[in-house]
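# Architecture at a glance
Next come the chains, spelled out residue by residue.
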Amino acid sequence: MNNDAPLLRIRNLSKHYTTGGSRLGGKGGAILKALDNVSFNMTRGETLGVVGESGSGKTTCARAILRAIDPTSGHAYFCNNGTTTDLATLPHRQLKPMRKEMQMIFQDPFASLNPRMTVGDIVGEPLLIHGIGTRREREAQVVEMLERVGLKSEHRSRYPHAFSGGQRQRIGIARALILRPAFVVADEAVSALDVCVRARVLDLLKDLKREFGLSIMFVSHDLSVIRHICDRVLVMHRGRIMEMGNVERVFNDPQHAYTKVLLSAIPEPDPDRKMSPLTVDSLTPEQLEPLPDLARFAAD
Amino acid sequence: MSDSSADHVLSVRDLRVDFTTLHGLTHAVRGVSFDLPRGKTLALVGESGSGKSVTSYSILRLIQKPGRIVGGQILFRPKNHKTIDIVQLSEKGDDLYKVRGGKISMIFQEPMTALSPVHTIGDQVTEAVLLHRNVDRKESVEIAADMMARVGITDVRRRLKQYPFEFSGGMRQRVVIAMALVCRPEILIADEPTTALDVTVQAQILRLITELREQMNTSVLFITHDLGVVAQVADEVAVMRQGLIVERAIARDLFKSPLHPYTRELLSAASLGREREHPPVEELVSLPRGGWQFNEPETGDGTSQMHEVAPGRRLLMWKRGGL
């Protein structure tokens, strides 16, 4: 396996939930396909956007890859340091060493940090869990990482409540990157931030991606953010990928009817470009089928 | 921006709101003045903590302890009625109840928390009608059903008997809009009404608010942090920061040639990588002379003033010491 191989090869990944049925037996409920036969590749060092409305399966997709939830079926081949591992079928006890390579930045900077831990402990905890370094070495790494994300070393003795939303998100980023992972999922990582802060955090992510050679899966409902930070984008609807491609190509020349609906709803900050939104309801079931060229991934 | 006050359904003058906190007094709104033209949409835009929501809550006198309106006027000019200063209304008086929810109503950000989970949609929409209009129960249901249909809810009779959990987020926000408009208010305050919604649903709700505003000749005060939304709905814009309005302008002027450095920063942050270059502000308008600057002096002894730098364009500027 050479280093040009895709970092991730996702093949027919699905996550189904049973709805409406009782846990005590009785009538079984319907099957909800939160993630329905999704296949795609992710190359090393790219930022891949996953966009869709609420309920489209974008978060389920990211979480199934990270094994934060167990997929119902399918494969997620993760290729790093010359070995390929199928994350989707790996037994739980073998997951821990893999987690060093895959980290997550969460949406809510207020809920995702333990209020009773200091910032230093929060950022250093992944090192402790994986038994890396001595106490002093860990401390040095925490300081280095805090400074790298634009915080100060004296911040490590403070608690999360003392920080603003943007600063907390920087703490979350420091925690995610301290293990030097190859792959990071950012799930709505800037959605809770004000516009000016959001722009600065996005710039930080761009810099860190280049510096650490990260591959980022950037999950967001915000199309303008996706366009700003991503190289390629997946458009999801009802658990399936509708369209996939280079971000500028998808935004300038969308091929799928659903992508056109999404793009038509972006409110542009320009009063001379009033939106004329299309609606999903006007699309036929045939129009909501994935583009035919996406099938090629399922085969190889 | 005509200054004849009759054209303005609402004029806020030097509004000040303080909050008492553990760390002392916080001046959330520090002297805000603006006018809402009749039948138009004014967007109040700013980041969290800028005081935009506190300003809008003050208009309905919804500021609760430890907050307090400490100064200024909120002049409401209803049709066929003399001007009311909302700041002076008695907390428990009938006049305030007539204004709040009747003549001026509000749509909140979270459609789930704005609705009671234990009452039917029908009960909640008719409640507003029964409170503010002199009709009986049966008529109130007719009025509610008619309004529900106008906000795009189908199968109204069945829907009136349902509870909020049976509605999607977008449908709930339509119900909240129906509740707000059912008494035909003269002013609708929309506080981030689409922030919790998907873009496609947001687009529908924005269109609905604009259409209903035209049909019902309501004036809209639109609170948002999203400049994209502002560009789509607003006739005029007031940009807020740190409890003050820093720039007021006709929407097109503001987007085509933002003047205040903060407005420019907001616009470039909202345009993410597709920002335009703006010429120096001195080339666009003539700024007042004599020590006026954009930044508040750090010495804390500054005086601020809105300067009309072009027709309909006002900029907040600071000077050290008194005037």
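This text follows the structure it describes.
In this report, we go over the structure that sits alongside the text. Counting starts from 1 at the beginning of each chain's written sequence and moves along it residue by residue. Labels are handed out in written order, letters beginning with A for the chains and numbers beginning with 1 for the ligands. Local features in a predicted model are, by the rule used here, given only for residues with pLDDT of at least 70; side-chain atom pairs are given and counted only at 80 or more, and totals for whole chains, interfaces and linings are based on all residues. The side-chain numbers reported here are obtained from all heavy atoms of the structure, hydrogens and water having been left aside.

### Brief notes about the overall build of chain A
Just so we agree on the cut-off: Only DSSP runs of H or I reaching four residues or more are called helices, and only runs of E reaching two or more are called strands; each is numbered from the N terminus. For the radius of gyration, the atom set is restricted to C-alpha positions; the globular benchmark scales as 2.2 Å times the number of residues to the power 0.38. Summary of the burial criterion: residues with accessible area below 20% of their type's maximum are buried, those above 50% are exposed, and those between are partly exposed, where the area comes from a 1.4 Å probe applied to protein chains only. Within this scheme the basic residues Lys and Arg register as positive and the acidic residues Asp and Glu register as negative, but His and the chain ends are omitted. Throughout, a charge is located at the NZ atom of Lys, the CZ atom of Arg, the CG atom of Asp or the CD atom of Glu.
Counting its regular elements, chain A contains ten helices and ten strands. Here the C-alpha atoms of chain A give a radius of gyration of 20 Å, agreeing with the 19 Å that 2.2 N^0.38 yields for 300 residues. Seen through its C-alpha atoms, chain A measures out along the principal axes to roughly 60 × 55 × 50 Å. Each of the 300 residues in chain A was classed as buried or not, and the buried ones make up 54%. Across chain A, the centroid of the 40 positively charged side chains sits 6 Å from that of the 34 negatively charged ones.

### What about the overall build of chain B?
The condition is simple: Residue contacts are defined here by distance: any two heavy atoms, one from each residue, within 4.5 Å place the two residues in contact. Here, Shrake-Rupley sampling with a 1.4 Å probe gives the accessible areas, and only protein chains in the shown set may cover a residue.
Each helix and strand in chain B was counted, giving eleven helices and twelve strands. Expected size for 323 residues packed as a compact globule is a radius of gyration near 20 Å; at 21 Å, chain B falls within 12% of this value. Each principal axis of the C-alpha distribution contributes one length, and for chain B these read about 65 × 45 × 45 Å. In chain B, which comprises 323 residues, the proportion classed as buried is 53%. Put simply, of all contacts in chain B between residues at least 6 apart along the chain, 64% involve residues at least 24 apart. With an accessible surface of roughly 14,700 Å², chain B has 49% of that area assigned to carbon and sulfur atoms. Taking the 41 positively charged and 39 negatively charged side chains of chain B as two groups, their mean positions are separated by 3 Å.

### Quick look at the sheet that holds strand E9 (residues 236–241) of chain B
Residue and element names in this part refer to chain B. Formally: Whether two strands pair depends on DSSP finding at least two bridges between them. Axis lines are fitted to C-alpha atoms, over the contacting stretch for helices. Their N-to-C directions set the angle, which ranges from 0 to 180 degrees.
Reading across the sheet, the eight strands line up as E6-E7-E8-E3-E9-E10-E12-E11 and stay open at both edges, with mixed pairing between neighbours. Edge positions in the open sheet fall to strand E6 (104–107) and strand E11 (302–310), since each of these has one partner strand only. Sheet twist, expressed as the mean angle between neighbouring strand axes with direction ignored, is 20°. One ladder, built from four bridges, connects E6 with strand E7 (residues 187–191); its direction is parallel. Paired with Ile-107 across the two strands is Ala-190, which belongs to E7. Lying over the sheet, helix H6 (residues 169–181) contacts E6 and E7, oriented at roughly 175° with respect to E6.

### A word on a nonpolar patch on the surface
We count it as follows: Excluding any residue in a salt bridge, patches collect residues exceeding 30% relative accessible area, merging like charges within 9 Å and nonpolar Val, Leu, Ile, Met, Phe, Trp and Tyr side chains within 5 Å. The term salt bridge refers to a side-chain nitrogen of Lys or Arg lying within 4 Å of a carboxyl oxygen of Asp or Glu.
On the surface, a cluster of nonpolar side chains totalling about 310 Å² of accessible area is made up of Met-112, Tyr-163 and Phe-165 of chain B. Mapping Met-112 of chain B onto the fold places it in the loop between E6 and helix H3 (121–132).

### Side note on the interface of chain A and chain B
Here is the rule: A 1.4 Å probe defines the accessible area here, and the buried area is the portion of it lost by two parts on being joined, summed over both. Any pair of N or O atoms that falls within 3.5 Å is considered a polar contact. Within protein, one atom must be able to donate a hydrogen and the other to accept it, and sequence-neighbouring residues count only if both atoms are side-chain atoms. When residues are sorted by character, Ala, Val, Leu, Ile, Met, Phe, Trp, Tyr, Cys and Pro go into the nonpolar class, Asp, Glu, Lys and Arg into the charged class, and all the rest, Gly among them, into the polar class.
Facing 30 residues of chain A, the contacting portion of chain B comprises 29 residues. A buried area of about 2,700 Å², summed over both sides, lies between chain A and chain B, and 56% of it is on carbon and sulfur atoms. Viewed at the interface, chain B and chain A are joined by four salt bridges. Between Asp-272 of chain A and Lys-256 of chain B there is a salt bridge whose closest N-O contact spans 3.1 Å. Counting across the interface, chain A meets chain B through twelve residue pairs in polar contact (both at pLDDT 80 or more). Elements represented by at least two residues in the side of chain A that touches chain B include exactly helix H6 (195–212), helix H7 (223–229) and helix H9 (257–264) of chain A. Among the elements that make up the side of chain A that touches chain B, the one with the highest residue count is H6 of chain A (seven residues). Across the side of chain A that touches chain B, the residue classes tally to 15 nonpolar, five polar and ten charged.

### Re the sheet that holds strand E8 (residues 215–220) of chain A
All names here are of chain A. Strand order in this open sheet of six strands is E6-E7-E8-E3-E9-E10, and the pairing throughout is mixed. The open sheet has two free edges, formed respectively by strand E6 (102–105) and strand E10 (240–246), since each of these has just one partner strand. Recorded for the sheet is a direction-independent mean angle of 20° between the axes of neighbouring strands. Examined bridge by bridge, strand E7 (residues 183–187) and E8 share five bridges and lie parallel to one another. Note on E8: the bridge partner recorded for Ala-186 is Phe-218. Relative to the sheet, helix H1 (residues 58–66) contacts strand E3 (47–51), E6, E7, E8 and strand E9 (232–237), its axis offset from that of E8 by approximately 150°.

### Considerations on the pairing of strand E12 (residues 313–320) of chain B
Residue and element names in this part refer to chain B. Summarising burial for E12: six of the eight residues are buried, a large majority. Sheet topology note: the strand E10 (residues 244–250)/E12 ladder contains two bridges and is antiparallel. Directly across from Arg-248, in E12, lies its bridge partner Arg-314. When E11 meets E12, the two strands line up antiparallel, connected through eight bridges. Note that in E12 the partner of Thr-303 across the bridge is Lys-319. Linking E11 back to E12 in an antiparallel pair, the connection comprises two residues, with Gly-312 at a positive phi of about 75°.

### Things to note about unusual backbone geometry
Omega for the peptide link from Lys-65 of chain B to Pro-66 of chain B comes to 5°, which places this bond in the cis form. The topology assignment puts Pro-66 of chain B in the loop between helix H1 (52–59) and strand E4 (67–76). With phi around 50°, Glu-188 of chain A is a residue other than glycine that occupies positive phi space. With respect to the element layout, Glu-188 of chain A can be found in the loop between E7 and H6. Overall, the relative accessible area of 8% leaves Glu-188 of chain A in the buried class. Look at Arg-61 of chain B: it is not a glycine, yet its phi comes out positive at around 55°. Residue classification places Arg-61 of chain B among the buried residues on the basis of a relative accessible area of 13%.

### Quick word on the packing of aromatic side chains
All names here are of chain B. What counts is decided by this rule: Note on aromatic pairs: the rings of Phe, Tyr and Trp (six-membered ring only in Trp) are paired at centre separations within 6.5 Å, and the planes decide the class, stacked below 30 degrees, edge-to-face beyond 60, tilted for the rest. Two limits define a charge over a ring: the Lys NZ or Arg CZ must be within 6 Å of the ring centre, and within 35 degrees of the ring normal.
Within the structure shown, the criterion is met by one aromatic pair over all chains. For the ring pair Tyr-57 and Phe-108, a centre distance of 6.2 Å and an interplane angle of 75° mean the geometry is edge-to-face. Placement of Tyr-57 in helix H1 and of Phe-108 in the loop between E6 and H3 is noted, with a sequence separation of 51 residues between them. Judged by relative accessible area, Phe-108 falls into the partly exposed class, the value being 29%. Just above the ring of Tyr-97 sits the side chain of Arg-100; from NZ or CZ to the centre is 6.0 Å. The aromatic ring of Phe-167 is capped on one face by Arg-159, whose charged end is 4.1 Å from the ring centroid.

### A look at the side chain of Ser-39 of chain A
Residues and elements named next belong to chain A. By secondary structure assignment, the location of Ser-39 is in strand E2 (residues 30–42). When its relative accessible area of 9% is taken as the criterion, Ser-39 is described as buried. A distance of 2.8 Å separates a polar atom in the side chain of Ser-39 from the backbone nitrogen of Asn-12.

### Some remarks on the nonpolar core
Condition: Grouping buried Ala, Val, Leu, Ile, Met, Phe, Trp, Tyr and Cys residues that are joined through side-chain atoms within 4.5 Å yields what is termed a nonpolar core.
Membership of the largest hydrophobic core comes to 120 residues, with the highest contact counts inside it found for Ile-173 and Phe-218 of chain A together with Ile-177 of chain B. Contact partners of Phe-218 of chain A, with chain neighbours within four places excluded, come to Thr-47, Leu-48, Gly-49, Val-50, Ala-186, Val-190, Leu-202, Leu-205, Val-225, Ile-226, Ile-229 and Cys-230 of chain A.

### Remarks on the pattern of salt bridges
Counted under the stated rule, the structure contains 32 salt bridges over all chains. A salt bridge links Glu-248 of chain A to Arg-227 of chain A; the nearest nitrogen and oxygen atoms lie 3.0 Å apart. One end of the pair, Glu-248 of chain A, is in helix H8 (residues 247–252); the other, Arg-227 of chain A, is in helix H7, and 21 residues separate them in sequence. Note that Arg-249 of chain A and Glu-243 of chain A form a salt bridge whose closest N and O atoms lie 2.7 Å from each other. Look at the salt bridges and you will find they share partners, linking Asp-270 and Asp-272 of chain A together with Arg-252 and Lys-256 of chain B into a network.

Such coordinate-based values are descriptive only and should not be taken to indicate function.
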